[in-house]
Amino acid sequence: LKYDVVVVGSGVGGYPAAVSLARKGLKVAVVEEHLLGGECTNYGCVPSKAFYHIGEAVRALRKVGGSVEVAWEDLVEWSSSIVESARRGVGYLLESYGVEVYNGRGVLKGKNRVLVQGGENLEIEGDKIVLALGTDPRPLTQAGFDGVRILSNREIFYLKEKPLSVSIIGGGVIGVETATMLANLGVQVNLLEKGSRVLSFLDQDVSVAVRNHLKQLGVKVVEGVSVSSVSKEGGGVRLRLSNGSEVESDILMVAIGRVPKTSGVNLENVGVELDSQGFIKVSTTLETSIPGIYAAGDVVGGPLLAHKAIVESLIVARNIMGAQKTNIDYKLVPLTIFTGLEVASIGFTEKELNDMGVKFVRYKMPLNYLSAVKIKDGSYSFIKILTSEDSRKIYGVHIVSPNASETISAFIPMALGKLLFEDVSDIPYPHLTVGEALREIALFILGDPVHIVVRK
Ligand SMILES: Cc1cc2nc3c(=O)[nH]c(=O)nc-3n(C[C@H](O)[C@H](O)[C@H](O)COP(=O)(O)OP(=O)(O)OC[C@H]3O[C@@H](n4cnc5c(N)ncnc54)[C@H](O)[C@@H]3O)c2cc1C
(Lines give C-alpha, C1' and ligand atoms only; values in the text may rest on other atoms or scores of the structure.)
Protein backbone atom coordinates (compact mmCIF):
# COMPACT_ATOMS: atom_id res chain seq x y z
CA LEU A 1 0.00 0.00 0.00
CA LYS A 2 2.09 2.82 -1.33
CA TYR A 3 1.06 6.47 -1.61
CA ASP A 4 2.69 9.66 -2.70
CA VAL A 5 1.44 11.32 0.47
CA VAL A 6 0.00 10.02 3.74
CA VAL A 7 -1.80 12.65 5.83
CA VAL A 8 -2.34 11.75 9.49
CA GLY A 9 -5.36 13.66 10.85
CA SER A 10 -8.40 14.83 8.90
CA GLY A 11 -9.05 18.18 10.62
CA VAL A 12 -8.64 21.55 8.94
CA GLY A 13 -4.87 21.09 9.22
CA GLY A 14 -5.05 17.81 7.31
CA TYR A 15 -7.84 17.49 4.78
CA PRO A 16 -7.12 20.68 2.73
CA ALA A 17 -3.62 19.34 1.92
CA ALA A 18 -5.05 15.92 1.07
CA VAL A 19 -7.69 17.38 -1.26
CA SER A 20 -5.29 19.81 -2.91
CA LEU A 21 -2.63 17.15 -3.57
CA ALA A 22 -5.12 14.55 -4.79
CA ARG A 23 -6.63 17.10 -7.16
CA LYS A 24 -3.18 17.57 -8.66
CA GLY A 25 -3.03 13.85 -9.36
CA LEU A 26 -1.07 12.52 -6.40
CA LYS A 27 -2.06 9.27 -4.71
CA VAL A 28 -3.09 10.33 -1.22
CA ALA A 29 -4.22 8.52 1.94
CA VAL A 30 -5.68 10.05 5.10
CA VAL A 31 -5.46 8.27 8.45
CA GLU A 32 -8.07 9.34 11.01
CA GLU A 33 -8.55 7.76 14.41
CA HIS A 34 -11.81 9.48 15.32
CA LEU A 35 -14.22 11.63 13.29
CA LEU A 36 -13.55 13.21 9.91
CA GLY A 37 -13.14 16.98 10.20
CA GLY A 38 -11.36 16.96 13.58
CA GLU A 39 -12.02 19.26 16.52
CA CYS A 40 -13.28 22.28 14.56
CA THR A 41 -16.01 20.38 12.76
CA ASN A 42 -17.10 18.05 15.52
CA TYR A 43 -16.46 19.76 18.85
CA GLY A 44 -15.25 23.29 18.17
CA CYS A 45 -16.02 25.98 15.59
CA VAL A 46 -19.15 24.40 14.12
CA PRO A 47 -21.22 23.37 17.16
CA SER A 48 -20.04 26.36 19.21
CA LYS A 49 -21.11 28.81 16.50
CA ALA A 50 -24.42 26.99 16.07
CA PHE A 51 -25.10 27.47 19.80
CA TYR A 52 -23.82 31.05 19.57
CA HIS A 53 -26.23 31.85 16.75
CA ILE A 54 -29.26 30.66 18.71
CA GLY A 55 -28.03 32.31 21.93
CA GLU A 56 -27.69 35.66 20.15
CA ALA A 57 -31.19 35.29 18.68
CA VAL A 58 -32.59 34.80 22.20
CA ARG A 59 -30.66 37.85 23.43
CA ALA A 60 -31.97 39.95 20.54
CA LEU A 61 -35.56 39.06 21.36
CA ARG A 62 -35.12 39.97 25.03
CA LYS A 63 -34.29 43.54 23.96
CA VAL A 64 -37.87 44.11 22.92
CA GLY A 65 -39.34 42.30 25.90
CA GLY A 66 -39.73 39.06 23.98
CA SER A 67 -39.03 35.73 25.55
CA VAL A 68 -38.44 32.35 24.09
CA GLU A 69 -37.72 29.04 25.72
CA VAL A 70 -35.29 27.09 23.57
CA ALA A 71 -35.91 23.35 23.81
CA TRP A 72 -32.41 22.15 24.67
CA GLU A 73 -32.76 18.76 23.00
CA ASP A 74 -33.93 20.41 19.77
CA LEU A 75 -30.98 22.79 19.87
CA VAL A 76 -28.55 19.89 20.33
CA GLU A 77 -30.24 17.94 17.56
CA TRP A 78 -30.13 20.89 15.16
CA SER A 79 -26.51 21.75 16.00
CA SER A 80 -25.54 18.07 15.60
CA SER A 81 -27.19 17.99 12.19
CA ILE A 82 -25.02 20.93 11.06
CA VAL A 83 -21.95 19.16 12.42
CA GLU A 84 -22.89 15.96 10.61
CA SER A 85 -23.43 17.82 7.39
CA ALA A 86 -19.99 19.50 7.69
CA ARG A 87 -18.38 16.14 8.51
CA ARG A 88 -20.06 14.47 5.54
CA GLY A 89 -18.80 17.37 3.42
CA VAL A 90 -15.20 16.52 4.35
CA GLY A 91 -15.83 12.83 3.50
CA TYR A 92 -17.39 13.85 0.19
CA LEU A 93 -14.40 16.01 -0.77
CA LEU A 94 -11.90 13.27 0.06
CA GLU A 95 -13.92 10.66 -1.79
CA SER A 96 -14.47 12.90 -4.81
CA TYR A 97 -10.72 13.23 -5.35
CA GLY A 98 -10.02 9.54 -4.69
CA VAL A 99 -8.30 10.03 -1.33
CA GLU A 100 -8.24 6.74 0.57
CA VAL A 101 -9.35 7.10 4.20
CA TYR A 102 -8.04 4.67 6.84
CA ASN A 103 -9.78 4.52 10.22
CA GLY A 104 -7.33 4.02 13.03
CA ARG A 105 -4.46 5.60 14.86
CA GLY A 106 -1.51 6.48 12.66
CA VAL A 107 1.79 5.60 14.32
CA LEU A 108 5.05 6.50 12.58
CA LYS A 109 7.16 3.46 11.78
CA GLY A 110 9.87 5.23 9.88
CA LYS A 111 10.50 8.17 7.64
CA ASN A 112 8.06 6.82 5.04
CA ARG A 113 5.88 4.35 6.92
CA VAL A 114 2.73 4.70 9.01
CA LEU A 115 1.14 1.88 10.94
CA VAL A 116 -2.66 2.23 11.07
CA GLN A 117 -3.52 0.82 14.47
CA GLY A 118 -6.96 -0.29 15.56
CA GLY A 119 -9.55 -1.10 12.97
CA GLU A 120 -7.35 -2.19 10.10
CA ASN A 121 -3.90 -2.63 11.66
CA LEU A 122 -1.85 -2.37 8.53
CA GLU A 123 1.19 -0.54 7.36
CA ILE A 124 1.06 2.04 4.60
CA GLU A 125 3.86 3.87 2.88
CA GLY A 126 4.11 7.48 1.77
CA ASP A 127 6.90 9.29 -0.06
CA LYS A 128 5.84 12.28 2.00
CA ILE A 129 3.99 12.36 5.30
CA VAL A 130 1.89 15.19 6.74
CA LEU A 131 1.23 15.26 10.48
CA ALA A 132 -1.93 17.20 11.34
CA LEU A 133 -2.56 15.66 14.74
CA GLY A 134 -4.25 18.59 16.49
CA THR A 135 -4.72 18.96 20.23
CA ASP A 136 -6.72 17.57 23.15
CA PRO A 137 -8.35 19.66 25.88
CA ARG A 138 -6.00 20.09 28.84
CA PRO A 139 -7.39 18.45 32.00
CA LEU A 140 -7.22 19.95 35.49
CA THR A 141 -4.57 18.38 37.66
CA GLN A 142 -7.07 18.08 40.55
CA ALA A 143 -9.69 16.09 38.62
CA GLY A 144 -9.77 14.60 35.14
CA PHE A 145 -12.63 14.77 32.65
CA ASP A 146 -15.41 12.29 33.46
CA GLY A 147 -17.77 13.09 30.57
CA VAL A 148 -20.68 13.58 33.02
CA ARG A 149 -19.91 16.36 35.53
CA ILE A 150 -16.44 17.49 34.51
CA LEU A 151 -16.53 18.28 30.84
CA SER A 152 -14.56 19.80 28.00
CA ASN A 153 -15.73 21.25 24.69
CA ARG A 154 -16.10 17.64 23.52
CA GLU A 155 -19.27 17.12 25.59
CA ILE A 156 -20.76 20.55 26.31
CA PHE A 157 -22.55 20.81 22.93
CA TYR A 158 -24.01 17.32 23.21
CA LEU A 159 -25.59 17.36 26.70
CA LYS A 160 -28.91 15.52 26.81
CA GLU A 161 -30.41 18.02 29.25
CA LYS A 162 -29.95 21.73 29.75
CA PRO A 163 -27.82 22.33 32.86
CA LEU A 164 -29.18 24.94 35.28
CA SER A 165 -25.70 26.09 36.17
CA VAL A 166 -22.20 25.68 34.75
CA SER A 167 -18.86 26.76 36.17
CA ILE A 168 -16.20 27.34 33.56
CA ILE A 169 -12.54 27.31 34.54
CA GLY A 170 -10.49 29.37 32.12
CA GLY A 171 -11.25 32.84 30.82
CA GLY A 172 -9.56 32.30 27.47
CA VAL A 173 -11.31 32.25 24.10
CA ILE A 174 -13.16 28.95 24.60
CA GLY A 175 -14.19 29.89 28.15
CA VAL A 176 -15.61 33.32 27.29
CA GLU A 177 -17.34 32.10 24.13
CA THR A 178 -19.02 29.24 25.99
CA ALA A 179 -19.96 31.52 28.88
CA THR A 180 -21.65 33.93 26.43
CA MET A 181 -23.77 31.36 24.66
CA LEU A 182 -24.81 29.48 27.80
CA ALA A 183 -25.78 32.72 29.57
CA ASN A 184 -27.87 33.76 26.56
CA LEU A 185 -29.61 30.41 26.71
CA GLY A 186 -30.58 30.96 30.33
CA VAL A 187 -27.87 28.93 32.08
CA GLN A 188 -26.37 30.43 35.22
CA VAL A 189 -22.63 30.72 34.51
CA ASN A 190 -19.60 31.24 36.75
CA LEU A 191 -16.46 32.09 34.80
CA LEU A 192 -13.29 31.61 36.81
CA GLU A 193 -10.00 33.03 35.58
CA LYS A 194 -6.60 32.64 37.22
CA GLY A 195 -5.06 35.76 35.65
CA SER A 196 -5.95 39.30 36.61
CA ARG A 197 -8.48 39.56 33.76
CA VAL A 198 -10.26 37.41 31.21
CA LEU A 199 -8.58 37.30 27.78
CA SER A 200 -5.46 38.68 29.45
CA PHE A 201 -3.34 38.12 26.32
CA LEU A 202 -5.41 40.74 24.47
CA ASP A 203 -5.29 44.50 24.51
CA GLN A 204 -6.42 45.60 27.99
CA ASP A 205 -9.27 47.80 26.72
CA VAL A 206 -10.56 44.81 24.78
CA SER A 207 -10.63 42.37 27.68
CA VAL A 208 -12.21 44.95 29.99
CA ALA A 209 -14.99 45.56 27.42
CA VAL A 210 -15.63 41.81 27.13
CA ARG A 211 -15.69 41.41 30.89
CA ASN A 212 -18.30 44.21 31.19
CA HIS A 213 -20.37 42.62 28.47
CA LEU A 214 -20.24 39.19 30.16
CA LYS A 215 -21.36 40.75 33.43
CA GLN A 216 -24.22 42.46 31.61
CA LEU A 217 -25.31 39.04 30.34
CA GLY A 218 -25.43 37.82 33.94
CA VAL A 219 -22.20 35.80 33.91
CA LYS A 220 -20.51 35.78 37.29
CA VAL A 221 -16.92 36.62 36.36
CA VAL A 222 -14.32 35.93 39.04
CA GLU A 223 -10.76 36.92 38.14
CA GLY A 224 -7.50 36.30 39.95
CA VAL A 225 -8.56 32.95 41.43
CA SER A 226 -7.32 29.43 41.01
CA VAL A 227 -9.11 26.25 41.96
CA SER A 228 -7.84 24.56 45.12
CA SER A 229 -10.10 21.52 45.03
CA VAL A 230 -12.87 19.94 43.01
CA SER A 231 -15.43 17.59 44.53
CA LYS A 232 -18.44 15.92 43.01
CA GLU A 233 -21.28 16.25 45.45
CA GLY A 234 -24.93 15.32 45.09
CA GLY A 235 -25.81 15.92 41.49
CA GLY A 236 -23.20 18.62 40.93
CA VAL A 237 -19.68 19.88 41.42
CA ARG A 238 -18.27 22.00 44.23
CA LEU A 239 -15.11 24.06 43.70
CA ARG A 240 -13.01 25.52 46.45
CA LEU A 241 -11.20 28.62 45.22
CA SER A 242 -7.87 30.14 46.22
CA ASN A 243 -9.68 33.17 47.71
CA GLY A 244 -11.40 30.86 50.20
CA SER A 245 -14.82 30.98 48.57
CA GLU A 246 -16.77 28.06 47.13
CA VAL A 247 -18.73 27.74 43.93
CA GLU A 248 -21.32 25.08 43.17
CA SER A 249 -22.85 24.16 39.84
CA ASP A 250 -24.46 21.27 37.98
CA ILE A 251 -21.52 20.98 35.65
CA LEU A 252 -17.91 22.03 35.48
CA MET A 253 -16.38 22.86 32.13
CA VAL A 254 -12.61 22.99 31.98
CA ALA A 255 -11.15 25.29 29.32
CA ILE A 256 -7.59 25.85 30.50
CA GLY A 257 -5.76 25.20 27.27
CA ARG A 258 -4.86 22.48 24.81
CA VAL A 259 -2.30 19.69 24.73
CA PRO A 260 -0.72 18.65 21.40
CA LYS A 261 -1.55 15.07 20.40
CA THR A 262 2.05 14.10 19.92
CA SER A 263 2.46 11.27 22.40
CA GLY A 264 2.00 7.61 21.54
CA VAL A 265 2.74 8.11 17.84
CA ASN A 266 6.43 7.24 17.95
CA LEU A 267 7.54 10.66 16.72
CA GLU A 268 10.64 10.80 18.91
CA ASN A 269 11.96 7.41 17.74
CA VAL A 270 11.68 8.47 14.12
CA GLY A 271 13.48 11.70 14.98
CA VAL A 272 10.62 14.21 14.67
CA GLU A 273 11.59 16.89 17.18
CA LEU A 274 9.12 18.43 19.61
CA ASP A 275 9.38 21.68 21.54
CA SER A 276 9.28 21.84 25.34
CA GLN A 277 5.46 21.83 25.31
CA GLY A 278 5.16 18.87 22.96
CA PHE A 279 4.31 20.79 19.77
CA ILE A 280 6.06 19.62 16.60
CA LYS A 281 9.00 21.83 15.60
CA VAL A 282 8.85 22.89 11.97
CA SER A 283 10.99 24.91 9.58
CA THR A 284 9.69 28.04 7.87
CA THR A 285 8.43 25.76 5.07
CA LEU A 286 6.58 23.59 7.61
CA GLU A 287 8.92 20.62 7.29
CA THR A 288 9.74 18.79 10.52
CA SER A 289 13.25 17.83 11.59
CA ILE A 290 12.90 14.81 9.28
CA PRO A 291 12.99 15.81 5.58
CA GLY A 292 9.83 14.69 3.80
CA ILE A 293 7.72 14.74 6.97
CA TYR A 294 5.65 17.94 7.21
CA ALA A 295 3.29 19.19 9.93
CA ALA A 296 0.44 21.71 9.94
CA GLY A 297 -2.31 23.11 12.13
CA ASP A 298 -2.64 23.19 15.90
CA VAL A 299 0.05 20.54 16.36
CA VAL A 300 2.79 23.00 15.32
CA GLY A 301 1.63 25.61 17.86
CA GLY A 302 1.15 29.32 17.15
CA PRO A 303 -2.42 30.61 17.16
CA LEU A 304 -4.70 27.58 17.58
CA LEU A 305 -7.19 28.72 14.97
CA ALA A 306 -8.84 26.95 12.07
CA HIS A 307 -8.01 29.58 9.42
CA LYS A 308 -4.33 29.36 10.37
CA ALA A 309 -4.49 25.55 10.14
CA ILE A 310 -6.15 25.65 6.69
CA VAL A 311 -3.54 28.00 5.26
CA GLU A 312 -0.69 25.95 6.71
CA SER A 313 -2.20 22.80 5.24
CA LEU A 314 -2.30 24.43 1.80
CA ILE A 315 1.27 25.70 2.15
CA VAL A 316 2.40 22.15 2.96
CA ALA A 317 0.57 20.90 -0.15
CA ARG A 318 2.35 23.46 -2.32
CA ASN A 319 5.73 22.64 -0.84
CA ILE A 320 5.17 18.93 -1.43
CA MET A 321 4.52 19.88 -5.07
CA GLY A 322 7.94 21.50 -5.16
CA ALA A 323 7.33 25.08 -4.05
CA GLN A 324 9.37 26.67 -1.28
CA LYS A 325 6.55 28.66 0.26
CA THR A 326 7.23 30.00 3.71
CA ASN A 327 4.66 29.91 6.44
CA ILE A 328 2.38 32.85 7.23
CA ASP A 329 3.39 35.47 9.76
CA TYR A 330 1.42 34.45 12.87
CA LYS A 331 1.03 38.12 13.79
CA LEU A 332 -1.08 38.53 10.66
CA VAL A 333 -3.50 35.76 11.61
CA PRO A 334 -6.66 37.50 12.80
CA LEU A 335 -8.01 36.39 16.14
CA THR A 336 -11.78 36.36 16.45
CA ILE A 337 -13.88 35.81 19.55
CA PHE A 338 -17.61 35.25 19.24
CA THR A 339 -19.06 36.90 22.31
CA GLY A 340 -22.01 38.94 21.02
CA LEU A 341 -19.94 42.01 21.60
CA GLU A 342 -17.36 40.30 19.41
CA VAL A 343 -13.62 40.73 19.43
CA ALA A 344 -11.35 40.67 16.44
CA SER A 345 -7.75 41.58 16.42
CA ILE A 346 -4.76 41.44 14.11
CA GLY A 347 -1.17 42.47 14.72
CA PHE A 348 0.41 43.78 17.89
CA THR A 349 -1.11 45.12 21.10
CA GLU A 350 0.08 48.38 22.71
CA LYS A 351 1.88 46.40 25.37
CA GLU A 352 3.73 44.30 22.82
CA LEU A 353 4.82 47.40 20.89
CA ASN A 354 5.94 49.09 24.11
CA ASP A 355 7.86 45.96 25.12
CA MET A 356 9.56 45.92 21.72
CA GLY A 357 10.36 49.62 21.99
CA VAL A 358 8.43 50.45 18.81
CA LYS A 359 7.13 54.02 18.53
CA PHE A 360 3.51 54.10 17.48
CA VAL A 361 0.44 56.31 17.30
CA ARG A 362 -2.76 55.09 18.88
CA TYR A 363 -6.15 55.94 17.39
CA LYS A 364 -9.22 54.84 19.30
CA MET A 365 -12.65 55.53 17.94
CA PRO A 366 -16.00 54.58 19.49
CA LEU A 367 -18.23 52.62 17.16
CA ASN A 368 -21.57 53.11 18.83
CA TYR A 369 -22.34 56.07 16.56
CA LEU A 370 -23.12 53.42 13.92
CA SER A 371 -26.75 52.37 13.82
CA ALA A 372 -25.59 48.87 12.85
CA VAL A 373 -23.85 48.71 16.23
CA LYS A 374 -26.73 50.29 18.19
CA ILE A 375 -29.20 47.79 16.76
CA LYS A 376 -27.02 44.96 17.95
CA ASP A 377 -26.39 46.39 21.43
CA GLY A 378 -22.78 47.35 21.13
CA SER A 379 -22.54 50.04 23.77
CA TYR A 380 -18.90 49.21 24.60
CA SER A 381 -17.87 49.03 20.95
CA PHE A 382 -14.70 50.63 19.72
CA ILE A 383 -11.90 50.22 17.26
CA LYS A 384 -8.29 50.84 18.08
CA ILE A 385 -5.63 51.16 15.43
CA LEU A 386 -1.93 51.34 16.17
CA THR A 387 0.13 52.82 13.36
CA SER A 388 3.58 54.12 12.57
CA GLU A 389 4.02 57.86 13.11
CA ASP A 390 3.36 58.64 9.44
CA SER A 391 0.32 56.27 9.64
CA ARG A 392 1.52 54.37 6.55
CA LYS A 393 2.21 51.16 8.46
CA ILE A 394 -0.39 49.42 10.60
CA TYR A 395 0.95 47.59 13.63
CA GLY A 396 -2.33 46.45 15.11
CA VAL A 397 -6.10 46.60 14.72
CA HIS A 398 -8.36 45.73 17.65
CA ILE A 399 -12.12 45.77 17.22
CA VAL A 400 -14.73 45.25 19.89
CA SER A 401 -18.15 45.30 18.32
CA PRO A 402 -21.04 43.19 17.12
CA ASN A 403 -19.90 41.48 13.88
CA ALA A 404 -16.24 42.27 14.60
CA SER A 405 -15.33 38.75 13.42
CA GLU A 406 -16.56 39.61 9.92
CA THR A 407 -15.48 43.25 9.97
CA ILE A 408 -11.82 42.43 10.60
CA SER A 409 -11.58 40.88 7.11
CA ALA A 410 -11.91 44.38 5.64
CA PHE A 411 -8.81 45.45 7.61
CA ILE A 412 -6.59 42.55 6.56
CA PRO A 413 -5.37 44.20 3.30
CA MET A 414 -4.39 47.27 5.34
CA ALA A 415 -2.57 45.21 7.93
CA LEU A 416 -0.75 43.49 5.04
CA GLY A 417 0.28 46.89 3.72
CA LYS A 418 -1.76 46.50 0.52
CA LEU A 419 -4.10 49.42 1.20
CA LEU A 420 -3.49 52.84 2.74
CA PHE A 421 -5.91 55.05 4.66
CA GLU A 422 -5.98 57.35 1.64
CA ASP A 423 -7.21 54.43 -0.47
CA VAL A 424 -10.12 53.49 1.77
CA SER A 425 -11.30 56.99 2.66
CA ASP A 426 -13.62 57.12 -0.35
CA ILE A 427 -14.59 53.46 -0.73
CA PRO A 428 -18.39 53.02 -0.51
CA TYR A 429 -18.41 50.31 2.17
CA PRO A 430 -21.99 49.07 2.50
CA HIS A 431 -24.32 50.89 4.82
CA LEU A 432 -25.69 49.64 7.35
CA THR A 433 -22.79 47.45 8.36
CA VAL A 434 -20.11 47.64 10.99
CA GLY A 435 -17.51 47.42 8.22
CA GLU A 436 -18.24 50.95 7.05
CA ALA A 437 -16.37 52.12 10.15
CA LEU A 438 -13.25 51.47 8.09
CA ARG A 439 -13.90 54.54 5.94
CA GLU A 440 -14.67 56.64 8.99
CA ILE A 441 -11.54 55.65 10.86
CA ALA A 442 -9.49 56.39 7.74
CA LEU A 443 -11.08 59.85 7.60
CA PHE A 444 -10.50 60.24 11.34
CA ILE A 445 -6.80 59.42 10.97
CA LEU A 446 -6.52 61.72 7.95
CA GLY A 447 -8.08 64.51 10.04
CA ASP A 448 -11.41 64.74 8.26
CA PRO A 449 -13.97 62.63 10.14
CA VAL A 450 -17.69 63.03 9.49
CA HIS A 451 -19.28 61.21 12.41
CA ILE A 452 -16.80 62.02 15.15
CA VAL A 453 -16.69 65.56 16.46
CA VAL A 454 -13.11 66.73 16.85
CA ARG A 455 -12.99 69.93 18.93
CA LYS A 456 -10.26 72.37 18.12
C1 LIG B 1 -14.77 25.03 21.42
C2 LIG B 1 -13.86 25.45 20.29
C3 LIG B 1 -14.28 26.42 19.41
C4 LIG B 1 -13.45 26.81 18.36
N5 LIG B 1 -13.90 27.78 17.52
C6 LIG B 1 -13.09 28.23 16.54
C7 LIG B 1 -13.54 29.23 15.64
O8 LIG B 1 -14.67 29.69 15.71
N9 LIG B 1 -12.69 29.66 14.67
C10 LIG B 1 -11.42 29.15 14.56
O11 LIG B 1 -10.67 29.59 13.69
N12 LIG B 1 -10.97 28.17 15.38
C13 LIG B 1 -11.78 27.69 16.36
N14 LIG B 1 -11.35 26.68 17.17
C15 LIG B 1 -9.99 26.11 16.96
C16 LIG B 1 -10.03 25.01 15.87
O17 LIG B 1 -10.93 24.03 16.27
C18 LIG B 1 -8.64 24.41 15.68
O19 LIG B 1 -7.73 25.42 15.36
C20 LIG B 1 -8.63 23.37 14.57
O21 LIG B 1 -9.49 22.32 14.91
C22 LIG B 1 -7.22 22.83 14.30
O23 LIG B 1 -7.28 21.88 13.29
P24 LIG B 1 -6.20 20.70 13.20
O25 LIG B 1 -6.55 19.93 11.97
O26 LIG B 1 -4.86 21.24 13.33
O27 LIG B 1 -6.46 19.80 14.49
P28 LIG B 1 -7.76 19.00 14.94
O29 LIG B 1 -8.99 19.68 14.53
O30 LIG B 1 -7.55 18.70 16.38
O31 LIG B 1 -7.69 17.66 14.10
C32 LIG B 1 -6.74 16.65 14.34
C33 LIG B 1 -7.30 15.35 13.83
O34 LIG B 1 -6.28 14.38 13.84
C35 LIG B 1 -6.77 13.17 14.38
N36 LIG B 1 -5.58 12.48 14.93
C37 LIG B 1 -4.74 12.94 15.87
N38 LIG B 1 -3.73 12.07 16.07
C39 LIG B 1 -3.97 11.04 15.23
C40 LIG B 1 -3.29 9.83 14.95
N41 LIG B 1 -2.14 9.51 15.56
N42 LIG B 1 -3.81 8.99 14.03
C43 LIG B 1 -4.96 9.29 13.39
N44 LIG B 1 -5.64 10.42 13.60
C45 LIG B 1 -5.15 11.29 14.50
C46 LIG B 1 -7.76 13.62 15.43
O47 LIG B 1 -8.68 12.58 15.71
C48 LIG B 1 -8.42 14.80 14.73
O49 LIG B 1 -9.50 14.40 13.93
C50 LIG B 1 -12.16 26.23 18.21
C51 LIG B 1 -11.74 25.23 19.09
C52 LIG B 1 -12.57 24.84 20.12
C53 LIG B 1 -12.10 23.75 21.04
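Residues numbered from 1 in each chain as written. Predicted model: local features only at pLDDT ≥ 70, side-chain atom pairs only at ≥ 80, totals over all residues. Heavy atoms only, no water.

(A) Looking closely at the environment of Ile-383. Positionally, Ile-383 belongs in strand 21 (residues 382–387). Distance in space between the C-alpha atoms of Ile-383 and Ser-10 is 37 Å, their sequence separation being 373 residues. With sequence-adjacent residues up to four places away left out, Ile-383 is seen in contact with Tyr-363, Lys-364, Met-365, Leu-367, Val-397, His-398, Ile-399, Phe-411 and Ile-441. (Helix = DSSP H or I, 4+ residues; strand = E, 2+ residues; numbered from the N terminus. Contact = heavy atoms within 4.5 Å.)

(B) Structural context of the packing of aromatic side chains. Per the counting criterion, the structure on display carries six aromatic pairs. Plain terms: the ring middles of Tyr-43 and Tyr-158 are 6.1 Å apart, the flat faces sit at 75 degrees to each other, and that makes the pair edge-to-face. Linking Tyr-43 in the loop between helix 2 (38–42) and helix 3 (45–63) with Tyr-158 in the loop between helix 5 (153–156) and strand 9 (165–169), this pair joins segments that are 115 residues apart in sequence. Grouped by ring-pair contacts, the aromatic residues Phe-51, Trp-72 and Phe-157 constitute a single cluster. (Phe/Tyr/Trp six-rings, centres within 6.5 Å; stacked < 30°, edge-to-face > 60°.)

(C) Region of the structure containing the site of the ligand. Close to the ligand lie 37 residues; Gly-13, Glu-32, Lys-49, Gly-106 and Ala-306 are nearest. Glu-32 places a polar side-chain atom, nitrogen or oxygen, 2.6 Å from an oxygen atom of the ligand. One of the backbone N or O atoms of Ala-132 is found 3.4 Å from an oxygen atom in the ligand. Relative to its unbound accessible surface of 1,000 Å², the ligand loses 94% to contact with the protein. At the level of secondary structure, the elements contributing two or more residues to the shell around the ligand comprise strand 2 (28–32), helix 2, helix 3, strand 4 (105–108) and helix 9 (306–320). Its residues placed into classes, the shell around the ligand shows 15 nonpolar, 14 polar and eight charged. (Near = heavy atom within 4 Å. Polar contact = N/O pair within 3.5 Å; in protein donor to acceptor, adjacent residues only side chain to side chain. Areas by Shrake-Rupley, 256 points an atom, 1.4 Å probe, with all protein chains shown as cover. Nonpolar A, V, L, I, M, F, W, Y, C, P; charged D, E, K, R; others polar.)

(D) Geometry of the packing of helix 3 against helix 4 (residues 72–96). Packing of helix 3 against helix 4 leaves a shortest axis separation of 9 Å and a crossing angle of 135 degrees. Our classification of the angle between helix 3 and helix 4 gives oblique. Crossing of helix 3 over helix 4 shows right-handed handedness. Contact residues: Val-46, Pro-47, Ala-50, Phe-51, His-53 and Ile-54 in helix 3; Trp-72, Leu-75, Val-76, Trp-78, Ser-79, Ile-82 and Val-83 in helix 4. (Axes fitted to C-alpha atoms, helices over the stretch in contact; angles between N-to-C directions. Parallel < 35°, antiparallel > 145°, perpendicular 65-115°, else oblique. Left-handed = near helix turned anticlockwise from the far one by under 90°.)

(E) Broad picture of the side chain of Ser-391. Summarising the element assignment, Ser-391 is placed in the loop between strand 21 and strand 22 (394–401). Among the residues examined, Ser-391 registers a relative accessible area of 17% and is labelled buried. Ignoring any residue separated from it by four or fewer positions in sequence, one finds Ser-391 in contact with Tyr-363, Phe-421 and Ile-445. (Buried < 20%, exposed > 50% of the residue type's maximum accessible area, 1.4 Å probe, protein only.)

(F) Examining the sheet that holds strand 12 (residues 227–233) more closely. Taken together, the three strands give an open sheet; going across it, the order is 12-13-14, and neighbouring strands pair in antiparallel fashion. The open sheet has two free edges, formed respectively by strand 12 and strand 14 (246–249), since each of these has just one partner strand. In this sheet, adjacent strand axes meet at a mean angle of 20 degrees when their direction is disregarded. When strand 13 (residues 236–241) meets strand 14, the two strands line up antiparallel, connected through four bridges. Residue pairing in the sheet places Arg-238 in a bridge with Glu-248 of strand 14. (Pairing = 2+ DSSP bridges.)

(G) The arrangement of the packing of helix 1 (residues 15–23) against helix 4 in detail. Look at helix 1 against helix 4: their axes get within 9 Å of each other, and the N-to-C directions meet at 25 degrees. Considering the angle they form, helix 1 stands roughly parallel to helix 4. In the crossing of helix 1 with helix 4, the sense of the turn from one axis to the other is left-handed. Along the contact surface, helix 1 presents Tyr-15, Ala-18 and Val-19, while helix 4 presents Val-90, Leu-93 and Leu-94. Residue composition of the contact of helix 1 with helix 4, grouped by class: six nonpolar, no polar and no charged.

(H) Local environment of helix 6 (residues 173–184). Taking 1.5 Å of rise per residue, the 12 residues of helix 6 would be expected to cover 16 Å, and the 17 Å separating its terminal C-alpha atoms lies within 8% of that figure. For helix 6, a buried count of 10 out of 12 residues is recorded, marking the element as mostly surrounded by other parts of the structure. Phi turns positive, to about 90 degrees, at Gly-186, one or two residues after helix 6. (Expected span 1.5 Å × (residues − 1).)

(I) A positive patch on the surface, seen in detail. There is a patch of like positive charges on the surface, built from Arg-23, Lys-24, Arg-318 and Lys-325. In this fold, Arg-318 is placed in helix 9. (Patch = residues over 30% accessible without salt bridge, like charges linked within 9 Å, V, L, I, M, F, W, Y side chains within 5 Å. Salt bridge = Lys/Arg side-chain N within 4 Å of Asp/Glu carboxyl O. Lys, Arg positive; Asp, Glu negative; His and termini not counted. Charge placed at Lys NZ, Arg CZ, Asp CG, Glu CD.)

(J) Region of interest: the state of the cysteines. Here the structure, examined in full by the defined rule, presents one disulfide. Here Cys-40 engages in a disulfide with Cys-45; their sulfurs sit 2.2 Å apart. Residues Cys-40 and Cys-45 are joined by a disulfide whose S-S torsion is about -125 degrees; by sign, that bridge is left-handed. Taking relative accessible area as the criterion, Cys-40 reaches 15% and is therefore assigned buried. (Disulfide = S-S within 2.5 Å.)

(K) Highlighting the sheet that holds strand 22. Judged by pairing direction, the sheet is antiparallel, and its five strands sit side by side in the order 18-19-22-21-20 without closing on themselves. Edge positions in the sheet fall to strand 18 (335–337) and strand 20 (361–366), since each of these pairs with one other strand and no more. Between one strand axis and the next, the sheet turns through 5 degrees on average, direction left out of account. Sheet topology places strand 19 (residues 342–347) next to strand 22; six bridges connect them, and they run antiparallel. Looking at strand 22, one finds that Ile-346 is bridged to Val-397. Relative to the sheet, helix 14 (residues 437–445) contacts strand 20 and strand 21, its axis offset from that of strand 20 by approximately 130 degrees.

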